[in-house]
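# Observations on chain architecture
The chain contents come next:
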Amino acid sequence: MRAYLANLTPKARMLLALPVLAIAYPVIMILVPAIIRAVIPDVVRSVLSLI
């Protein structure tokens with residue numbers, strides 16, 4: 001698999017990267033805030049919002 005990806009043309013890499021980015025962006029935009037809310041306590045978030 002590594003050899004296959006190393007031999008791709010730049011145009012083929014771009015065509016493979018676009019769907020990956022299209023899927024990854026919404027997932028990251030949903031998961032990162034959810035993880036932050038789960039990990040950081042409400043007290044810390046309220047203090048940080050006051051600053």
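Residues numbered from 1 in each chain as written. Predicted model: local features only at pLDDT ≥ 70, side-chain atom pairs only at ≥ 80, totals over all residues. Heavy atoms only, no water.

### So, the overall build of the protein
Convention followed: The way it works is that DSSP assigns letters per residue, a run of H or I at least four long becomes a helix, a run of E at least two long becomes a strand, and they are numbered from the N terminus. Within these notes, the globule rule equals 2.2 Å times the number of residues to the 0.38 power, and the radius of gyration is based on C-alpha atoms. Exposure classes here rest on a 1.4 Å probe applied to the protein chains alone. A residue is buried below 20% of its type maximum, exposed above 50%, and partly exposed in between. In this description, accessible areas are obtained by the Shrake-Rupley approach with a 1.4 Å probe, and a residue is regarded as covered only by the protein chains that are shown.
Assigned secondary structure in the protein consists of three helices and zero strands. Ordering the α and β elements of the protein from the N terminus gives α-α-α. The globule rule puts the C-alpha radius of gyration for 51 residues at 10 Å, and the 19 Å found for the protein is more than 25% above it. For the protein, the spread of C-alpha atoms along the three principal axes comes to 50 × 15 × 15 Å. Here the protein holds 51 residues, and 2% of them are scored as buried. Element-wise, carbon and sulfur atoms account for 78% of the exposed surface of the protein, whose accessible area totals about 4800 Å².

### Section: the confidence of the model for the protein
Detail in the predicted coordinates should be disregarded across regions flagged by low pLDDT. Worth spelling out the cut-off: As a per-residue measure, pLDDT tells how confident the predictor is, with possible values from 0 to 100.
Summary statistics for the protein give a mean pLDDT of 88 and a share of 100% for residues scoring 70 or more. The spread of mean pLDDT over the elements of the protein runs between helix 1 (residues 2-6), the lowest at 83, and helix 2 (residues 10-39), the highest at 91.

### Topic: the environment of Leu 16
Within the element layout of this structure, Leu 16 appears in helix 2. The sequence separation of Leu 16 and Leu 5 amounts to 11 residues, and the corresponding C-alpha distance is 10 Å.

### A closer look at a nonpolar patch on the surface
Convention followed: The patches described consist of residues with a relative accessible area above 30% and no salt bridge, like charges being joined within 9 Å and nonpolar side chains (Val, Leu, Ile, Met, Phe, Trp, Tyr) within 5 Å. Between Lys or Arg on one side and Asp or Glu on the other, a salt bridge is scored when a side-chain nitrogen of the former is within 4 Å of a carboxyl oxygen of the latter.
Taken together, Ile 23, Val 27, Leu 31, Ile 35 and Val 39 make up a surface patch of nonpolar side chains, about 490 Å² in accessible area. Summarising the element assignment, Val 27 is placed in helix 2. The class for Val 27 is partly exposed, based on a relative accessible area of 41%.

### As for the pattern of salt bridges
All chains considered together, the criterion is met by one salt bridge. For Arg 45, the salt bridge identified is with Asp 42, shortest N-O distance 2.5 Å. Remark: Asp 42 and Arg 45 occur in helix 3 (residues 42-50); sequence separation between them is three residues, near one turn of the helix. Taking relative accessible area as the criterion, Arg 45 reaches 28% and is therefore assigned partly exposed.

### Concerning the environment of Leu 50
Structurally, Leu 50 can be placed in helix 3. Judged by its relative accessible area of 74%, Leu 50 falls in the exposed class. In sequence terms Leu 50 and Ala 34 are 16 residues apart; their C-alpha atoms lie 21 Å from each other.

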